[in-house]
Amino acid sequence: MTAGGYSGRALVVDVSATSATAGALELPDRVLRAYLGGVGLGTWLLHRLAPARVDPLAPSAPLAFVFSPLVGTPLTTSAKFAVVAKSPLTGLLTDALASSQFAIAGKLTGNDAIVVRGRAAELSVLLVDGHGARLEPAPDLAGLPAAEAEEAVKERFGRGWRTAAIGPAGERGVRYATISHDGRHAGRGGLGAVLGAKNIKAVLVRAATKVGVADPEAVLAAAKDLRRRSFGPATAKYRELGTLANLLAFNAVSTLPTRNFTAATFAEAPKLAAEELHELRGVARNSCASCSIGCEHIYSRKGGGSQRMEYENVFALGPLCGVSDPDDVFAASARCDELGLDTISAGGTIAWAMECVERGLIDAPWLTFGDGAAVLRALEMIGAREPGLGELLALGSRAAAEVVGHGSIEFAPQVKGLELPGYEPRSLQSMALGLAVNARGADHNRSGAYEADLSGDLDRLSGGPAHVAAAIATEDRAAVMDSMILCKFLRGVFTEPFEEWAALLRPVTGWHVTADELRATARRIVLAKREFNAREGATAADDVLPRRMLDTPLQLGSGRTAELTAERLRSMVDHYYERRGLDADGRPAAADRADLLL
Amino acid sequence: MSTIGWVTPRTAGIVLAGGRSSRMGTAKAALEWHGSTLLRRTTGILARTVDGPVVVVRAPGQQLPPLPDTVELVDDPVEGLGPVQGIAAGLAAVADRAEVAFVCSTDLPFLHPAYVRRVVALLDGDAVLPHARGHRQPLAAAYRTALAPVLAEMARNGELKLGQLFERCRTRHVDDAELLADPRLQAVDPELDSVVNVNEPADYRAARDRPAPEVAVQRYGALARRGGPAPGTVQAATLGAAAAAVGLELGRHVVAALNGDQITRDRQTPLVAGDTVAFLSADAGG
């Protein structure tokens, strides 16, 4: 009998020229228990279904929407789903989370995951419900932003369907195109391009069944308690100002990447600060389904309209490109949403290009730091994959640097091809390690090591064993939260996270889950990702940061120097391998591979 | 609180706490100082400034007030041999981890990191001996840790006048003018209050009556909206006091960044004139 919270199967849909055939892949309890769901289960599915060394954009490359045992329960922040595939940006595993009703409806199709393979003959939408899967041509949706496509399919197919869609950037194969649902994005790694390569504009899901839990009363009681705790000081930042509150704080501690990581403070940061914008602009709050935190802050734009702003899109399209005008950043963010572009990769790639222009490596004199109009123009070119610069930048900074040459790779702000988020590695050295070793590339979600750096418990400028331990601990916590799934904005609520998560999983699944079991699960998920990447050609040489981070110290305002040398990083990486039980190439040992159930 | 790299590479801090405090009549290390103790403050100032270990040298069996775990304790092996023995013990304890040490007594409530940095930066021989405010200041001075055996031999031979050391090693004598030639020190400690010590109860009362240092405070994120507009400056000798002055409490959800650099939630972190304290949500990040 399948455990509570699960259906015990994944739906594998093969789309061919004009139709979809669906088959069930049974998911044994031991696999579900070993990987939980979300990112973990998605990793296992990728091992099983992705041919080795497959081109991420090939028809045979699978893309999985993965749910979790907590989805659809009353537990706050549980309405999330993972999207997992091989990334066209990195050539390695990528996974991204998005939120809201799609997760619930998707799970209630009666599947723990929906995997898409193949390629349709023309732009189509894929519908999955209790009757299986079917493909419907949708050429009329070509070129539409994801939000408009969602509205269009609602008109066409009715309100019971929930939609995950790509924008024009995904249709055109921009390497960092996103998949969106209801304005929330599975943003990183180019998942939109993978779906676009299948000629799928959108995946629609409709609830068809119920998925029970083992002890409904206990789950309800746990949900009430968790909801109450979610209103406490641990989530105040998200409720009151949202993630944009990070901007001034990071600027104050020389951690705000500026002008392609040539500096860590931005003199004009106050113009983009949440504290400032909250006073000057009308702000509305919104939340995902099943969420009591309400982290989304929607700002009014001059000239009409509104835009949700988060720290990452503001940093990437603002200080990273030297842009300080909030209206320019609002416009760029909105355009990324319309085109379906990852704001972090877009901003990082454009910032890299700006520096190339400064150095005379790219002939585009209009593309200068600080010019918000130039950022917008670049986004249009990227979204259209305009021949020349647009086509180049649509590859992402690593591939573009390989084309441009002249040492431009040394300042391409990426790890494994994925552009860095808004955390300066030289002044956050636990995070530096987290960024370097993470499976999907430079990533602030699968590694939350910045928490240790900003905690005051260690010296953030002196990376060493304590920083390694901190990076591992946050990586483990993220692995479990992203697999069971709970939003990581809830993380501060838990004082004994593994114990408390086990206590949430027990009444849902009926398993006697323990904290130690979850710690082992966390490690298994991290190792499974590394094993996948190793299979796809990753080596220890990929666990590194751009040369700029290792060769160029930053001077802090205090007078101290933030320096992260190659030797120090290598030492931390080696220590990470040792503590994780990895070999010299960063690969799991044979005994651990057996535990991965691959 | 973690030690931080700042002054010059591999510099230690040594505090001599083993004196008899006979004129004070009570142990100076434990004297209250704006919610902390003199010893806690002095070790905290050194921890903010040096990149090597911070060590307290105490008399055998001496009880000390609470100190952070990062501060190392060294027992002076022989009581009654004064600072020659105490400095020898301190230098020996750190010689494998630091080339230079700033050595001071416990009773310097106005010691400023800028003074420590200036003295250490002037070292070009074996020792820097400031002559500040009209007096030699061997217990607010810099020494090469390689002097440990020299001092140990002096102690064994009964040569207990510290001045004898400076005759047998390469000592740079620096006066007020040379100290204050550093514009940073000139700006924050123009009177060289760093070397003011408290020997008698009247000294202590006079020092205690002086106002706490003025520091700039900032609040970020959700903290910026609590308790009304934050004052631009407050008078606070510790981070805890600065937090209280703006209606906050350091702890699980609130940390402080000192001068945009070190981040801590240690309430007893000492503050000095010119500091900028930024209060941040501990859940900074995504």
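These numbers come from a predicted model, not from an experiment.

## What to know about the overall build of chain A
When you go through chain A residue by residue, the secondary structure sums to 25 helices and 19 strands. Its C-alpha atoms give chain A a radius of gyration of 22 Å, within 12% of the compact-globule value 25 Å for 598 residues. Overall, chain A is about 60 × 55 × 50 Å in size when its C-alpha atoms are taken along their principal axes. The proportion of buried residues among the 598 residues of chain A is 63%. Across chain A, every contact between residues at least 6 apart in sequence was considered, and the portion connecting residues at least 24 apart equals 70%.

## Some points on the overall build of chain B
In terms of helices and strands, chain B carries 9 helices and 15 strands. The globule rule puts the C-alpha radius of gyration for 286 residues at 19 Å, and the 19 Å found for chain B is close to it. Taken along the three principal axes of its C-alpha coordinates, chain B extends 65 × 40 × 40 Å. By residue count, 56% of the 286 residues in chain B fall in the buried class. Look at the contacts in chain B between residues 6 or more apart in sequence, and 69% of them connect residues 24 or more apart.

## Describing the sheet that holds strand E3 (residues 63-66) of chain A
Residues and elements named next belong to chain A. Strand order in the open sheet made by the 6 strands is E2-E1-E6-E3-E4-E5, with mixed pairing throughout. Edge positions in the open sheet fall to strand E2 (20-26) and strand E5 (93-99), since each of these has one partner strand only. Averaged over neighbouring strand pairs, the angle between their axes works out to 20° when direction is ignored. Where E3 meets strand E4 (residues 80-86), 4 bridges bridge the pair, whose relative direction is antiparallel. Looking across to E4, one finds that Phe65 is bridged to Val83.

## Let's talk about the domain arrangement of chain A
Residue and element names in this part refer to chain A. When its domains are assigned, chain A resolves into domain 1 (9-205), domain 2 (239-419) and domain 3 (425-594). On a C-alpha basis, the centres of domain 2 and domain 3 stand 25 Å from each other. Across the contact, 18 residues belong to domain 2 and 19 residues belong to domain 3. Those elements that provide at least two residues to the side of domain 2 that touches domain 3 are strand E16 (414-415) and strand E17 (418-419). Residue composition of the side of domain 2 that touches domain 3, grouped by class: 10 nonpolar, 5 polar and 3 charged.

## Regarding the pairing of strand E1 (residues 9-15) of chain A
For a regular strand, side-chain orientation follows a simple rule: the groups alternate between the two sheet faces. Residue and element names in this part refer to chain A. In terms of burial, E1 is largely enclosed, as 5 of its 7 residues are buried. In this structure, E1 lies alongside E2, joined through 7 bridges in antiparallel fashion. Each bridged residue has a counterpart across the sheet, and for Val13 the counterpart in E2 is Ala22. Taking the residues that link successive antiparallel strands as the turn, the E1-E2 hairpin has 4 residues. Alignment of E1 against strand E6 (residues 113-118), held across 6 bridges, turns out to be parallel. Paired with Asp14 across the two strands is Arg117, which belongs to E6.

## Some details on the sheet that holds strand E14 (residues 262-264) of chain B
Residue and element names in this part refer to chain B. Here 5 strands make up an open sheet; going across it, the order is E12-E11-E15-E13-E14 and the pairing mixed. The open sheet terminates on both sides in strands that have one partner only, identified here as strand E12 (233-235) and E14. Each neighbouring strand pair of the sheet contributes to a mean axis angle of 35°, computed without reference to strand direction. In the sheet, strand E11 (residues 214-219) pairs with strand E15 (residues 276-281) via 4 bridges, with the strands oriented parallel. Within E15, the residue paired with Gln218 across the bridge is Ala278.

## Remarks on the interface of chain A and chain B
Each partner contributes to the interface: chain A provides 34 residues, whereas chain B provides 27 residues. Contributions of two or more residues to the side of chain A that touches chain B are made by helix H8 (236-240), helix H9 (246-252) and helix H19 (450-453) of chain A. Class assignment for the residues of the side of chain A that touches chain B results in 15 nonpolar, 12 polar and 7 charged.

## Looking at the packing of helix H2 (residues 38-49) of chain A against helix H22 (residues 515-535) of chain A
In helix packing, the relevant descriptors are the interaxial angle and the interaxial distance, both defined with respect to the helix axes. All names here are of chain A. Here H2 crosses H22 at 30°, and the two axes come no closer than 10 Å. By the angle between their directions, the pair H2 and H22 is classed as roughly parallel. Handedness of the crossing formed by H2 with H22: left-handed. Judged by residue contacts, Val39, Gly40, Thr43, Trp44, Leu46 and His47 of H2 engage Ile525, Ala528, Lys529 and Phe532 from H22.

## Some details on the environment of Arg97 of chain B
All names here are of chain B. Among the secondary structure elements, Arg97 is positioned in the loop between helix H2 (82-94) and strand E6 (100-105). For Arg97, a count of 12 C-beta atoms within 10 Å puts it in the exposed group. Residues Arg97 and Gln137, spaced 40 residues apart in sequence, show a C-alpha to C-alpha distance of 25 Å. Leave out the neighbours within four places in its chain, and Arg97 touches Arg10, Ala12, Gly52 and Pro53.

## Notes on the nonpolar core
Residues Val13, Val83, Leu126 and Leu247 of chain A together with Phe279 of chain B are the most contacted members of the largest nonpolar core, which totals 312 residues. Top contributing element to this core by residue count: helix H20 (residues 465-484) of chain A, with 9 residues. Residues within four places of Val13 of chain A in sequence aside, it is in contact with Ala20, Ala22, Ile114, Val115, Val116, Leu126, Val128 and Ala133 of chain A.

## Looking at the pairing of strand E13 (residues 254-258) of chain B
All names here are of chain B. Counted residue by residue, E13 has 5 buried out of 5 residues, so it is predominantly covered. Burial along E13 is two-sided: the face carrying Val254, Ala256 and Leu258 and the face carrying Val255 and Ala257 are both buried. By the bridge criterion, 5 bridges tie E13 to E15 in an arrangement that is antiparallel. Its bridge partner lying in E15, Val255 is registered against Leu280. One ladder, built from 3 bridges, connects E13 with E14; its direction is antiparallel. What sits directly across from Leu258, in E14, is Gln262. Joining the antiparallel neighbours E13 and E14 is a turn of 3 residues, in which Asn259 adopts a positive phi near 55°.

## What about unusual backbone geometry?
Residue and element names in this part refer to chain A. Look at Ser100: it is not a glycine, yet its phi comes out positive at around 95°. Relative to the assigned elements, Ser100 resides in the loop between E5 and helix H3 (101-107). Non-glycine residue His406 carries a positive phi angle of around 55°. Here His406 is to be found in the loop between helix H17 (397-404) and E16.

## Regarding the confidence of the model for chain B
Mean pLDDT over chain B stands at 90; residues scoring 70 or higher make up 94%. We note a pTM of 0.92 for the whole complex and an ipTM of 0.86 for its interfaces.

## Some words on the packing of H20 of chain A against helix H24 (residues 566-580) of chain A
Residue and element names in this part refer to chain A. Contact pair H20 / H24: the axes reach a minimum separation of 9 Å and the direction vectors enclose 55°. On the basis of their axis angle, the class for H20 and H24 is oblique. Regarding H20 and H24, the two cross each other, and that crossing is right-handed. Residues Pro465, His467, Val468, Ala471 and Ile472 of H20 form the contact with H24, whose participating residues are Met572, His575, Tyr576, Arg579 and Arg580. Residues belonging to the contact of H20 with H24 are distributed by class as follows: 6 nonpolar, 2 polar and 2 charged.

Basis of the calculations
Residues numbered from 1 in each chain as written. Chains lettered and ligands numbered in written order. Predicted model: local features only at pLDDT ≥ 70, side-chain atom pairs only at ≥ 80, totals over all residues. Helix = DSSP H or I, 4+ residues; strand = E, 2+ residues; numbered from the N terminus. Rg over C-alpha atoms; globule rule 2.2 N^0.38 Å. Buried ≥ 20, exposed ≤ 12 C-beta atoms within 10 Å, placed from the backbone. Contact = placed C-beta atoms within 7 Å. Pairing = 2+ DSSP bridges. Axes fitted to C-alpha atoms, helices over the stretch in contact; angles between N-to-C directions. Domains from an automatic or database assignment. Nonpolar A, V, L, I, M, F, W, Y, C, P; charged D, E, K, R; others polar. Parallel < 35°, antiparallel > 145°, perpendicular 65-115°, else oblique. Left-handed = near helix turned anticlockwise from the far one by under 90°. Core = buried A, V, L, I, M, F, W, Y, C linked by C-beta atoms within 7 Å. pLDDT = per-residue confidence, 0-100.

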